[in-house]
Amino acid sequence: MKIEILEKNDNILRVIVRNAEVPLMNALRRISLAQVPCMAIDEVVMIDNLSILQDEIIAHRLGLIPLKTDLDNYNTPEECSCQNEFGCPQCRITLTLDAEAKDGTRTVYSGELVSENPEIIPVSDKIPIVKLAKGQKLKLEAYARLGTGKIHAKWQPVCVSAYKYYPKITTPTTSCDDCKKCVEICPKKVLELKGGKVCVRDLYSCNLCMDCADICPKKPSLITVEWEKNAFIINLESTGALPPERVLQEATKVLGQQLKEFEEQLKVEKQ
């Protein structure tokens with residue numbers, strides 16, 4: 001298997017994977033969404049809520065705020081040695097919020113959550129939680145734990161996890177004077193005209209819709225759109241809880257563990 005990085009920043013990772021199969025790509029996609037753990041607020045204790053929103057709505061909003069995650073120093077509740085429903089410092093983080101509107105209406109933002117661990121904080125401090133009118137206040141304690149997306153969407157470390165075949169586009173070698181429809185119809189602007197010739201401008205953006213080939217007035221079409229059978233482009237976009245490359249690394253670990261468990265079960269069946 002060969003891997004080539006196309007794009008990488010704090011939240012986005014695009015890589016080319018060659019000499020792979022569809023089942024492997026789909027397994028990594030599903031595991032990235034549903035089985036890579038990250039931190040999210042799981043329980044909220046309301047101390048004082050004078051806002052217009054009910055406790056349950058505020059707790060739901062808090063749960064959906066992405067939190068930066070430290071997988072190396074915290075355990076999932078199922079794997080923690082404490083085995084306590086209330087958790088311990090190895091599997092739970094406490095965040096507090098104490099906000100009051102004294103002079104007039106104000107909005108309470110995620111940046112006002114105070115974490116006992118400065119490394120585990122909201123990804124953005126500009127996520128609105130509630131609007132308080134003058135004299136209203138909100139005071140609470142929130143407890144964050146590791147979890148996975150298969151339990152609840154708030155524990156999904158990625159907002160995009162997708163793959164596609166590596167595209168292969170063939171354009172005419174001579175100039176084409178018939179029309180520009182093949183260039184204009186592409187929503188991704190994959191093609192362009194250069195010196196009267198149709199050229200590929202951005203191959204990696206092609207989503208294999210075939211519109212450029214279908215609209216060509218000549219039959220057979222002068223443009224062919226195909227894909228490489230064992231080459232794929234993986235696109236991961238993190239919520240900010242984990243770096244996208246860490247999400248992919250953890251997904252491969254989970255897949256490896258699942259394969260080991262499956263192998264052990266096969267050995268038991270044979271016996």
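What counts as what
Every residue gets a number counted from 1 within its own chain, in the order that chain's sequence is written. Per-residue local features of the predicted model are confined to residues with pLDDT of at least 70, and side-chain atom pairs are confined, for both listing and counting, to 80 or more; whole-chain, interface and lining totals are unaffected and use all residues. Side-chain metrics rest on all non-hydrogen atoms present in the structure, leaving aside hydrogens and water. A helix here means a DSSP run of H or I that spans at least four residues, while a strand means a run of E at least two residues long, and both kinds are numbered starting from the N terminus. The globule rule used here is 2.2 Å times the number of residues to the 0.38 power, and the radius of gyration it is set against is calculated over C-alpha atoms. Burial here depends on accessible area, computed with a 1.4 Å probe over protein chains only, as a share of the maximum for the residue type. Under 20% is buried, over 50% is exposed, and the range in between is partly exposed. Should any heavy atoms of two residues lie within 4.5 Å, those residues are counted as being in contact. Accessible surface is estimated by sampling points in the Shrake-Rupley manner with a 1.4 Å probe; for residues, cover comes only from the protein chains shown. A positive count includes Lys and Arg, and a negative count includes Asp and Glu. His and the chain ends are not counted in either. To locate a charge, take NZ of a lysine, CZ of an arginine, CG of an aspartate or CD of a glutamate. Centres within 6.5 Å make a pair out of two Phe, Tyr or Trp rings, where for Trp the six-membered ring is used; the pair is then stacked when the planes are under 30 degrees apart, edge-to-face when over 60, and tilted otherwise. A ring is scored as having a charge over it whenever the NZ atom of a lysine or the CZ atom of an arginine sits within 6 Å of its centre and within 35 degrees of its normal. The set of buried Ala, Val, Leu, Ile, Met, Phe, Trp, Tyr and Cys residues whose side-chain atoms join them within 4.5 Å is what this entry labels a nonpolar core. The disulfide criterion is simple: two cysteine sulfur atoms within 2.5 Å.

**Student:** When you look at the overall build of the protein chain in this model, what are you seeing that I'm missing?
**Tutor:** The secondary structure content of the protein chain amounts to five helices and 12 strands. By the compact-globule yardstick of 18 Å for 271 residues, the protein chain is too spread out, its C-alpha radius of gyration being 25 Å. Its C-alpha atoms give the protein chain principal-axis dimensions of about 75 × 70 × 25 Å. Put simply, the protein chain has 271 residues, and 37% of those count as buried. Considering only contacts within the protein chain whose residues lie at least 6 apart along the sequence, 71% involve residues at least 24 apart. For the protein chain, the exposed area adds up to about 15700 Å²; of that, 49% sits on carbon and sulfur atoms. Here the protein chain carries 36 positive and 38 negative side-chain charges, and the mean point of each set is 6 Å from the other.

**Student:** Is there a simple way to explain the packing of aromatic side chains in this structure?
**Tutor:** Tallying each qualifying case throughout the model produces four aromatic pairs. Here the aromatic rings of Tyr163 and Phe232 are separated by 6.0 Å at their centres, their planes lie at 70°, and the arrangement is edge-to-face. Taken together, the residues Tyr163 in strand β9 (residues 158-170) and Phe232 in strand β12 (residues 224-238) connect sequence positions 69 residues apart. When the ring of Tyr165 is compared with that of Trp227, the centres are 5.8 Å apart and the planes differ by 25°; the resulting orientation is stacked. In this pair, Tyr165 is assigned in strand β9 and Trp227 in strand β12, connecting sequence segments 62 residues apart. Through successive ring pairs, a cluster of aromatic residues spans Tyr163, Tyr165, Trp227 and Phe232. Positioned over the ring face of Tyr166 is Arg18, at 4.7 Å from the centre of the ring. Looking at Lys126, its charged tip hangs above the ring of Tyr109, at a distance of 6.0 Å from the centre.

**Student:** I keep staring at the nonpolar core and nothing clicks. Help me out?
**Tutor:** Across soluble globular proteins, nonpolar side chains have a tendency to be buried as a group. Counting residues in each nonpolar core, the largest one holds 43 residues, and the members touching the most others are Met39, Ile41, Leu62 and Ile129. When neighbours within four sequence positions are excluded, Leu62 is seen to be in contact with Ile41, Val44, Leu113, Ile129 and Leu140. Ranked by size, the runner-up nonpolar core spans 12 residues in total, among them Leu191, Val198, Cys206 and Ile223.

**Student:** Before we go on, may I ask you to explain the state of the cysteines in this structure?
**Tutor:** Should the sulfur atoms of two cysteines be covalently bonded, the bond is a disulfide. Per the counting criterion, the structure on display carries zero disulfides. The thiol sulfur of Cys159 is not disulfide-bonded, and the nearest other cysteine sulfur, from Cys38, lies at 11 Å. The exposure class assigned to Cys159 is partly exposed, which follows from its relative accessible area of 48%. Residue Cys199 stays outside any disulfide, its sulfur separated by 10 Å from that of Cys182, the closest cysteine. For Cys199, a relative accessible area of 24% translates into the label partly exposed.

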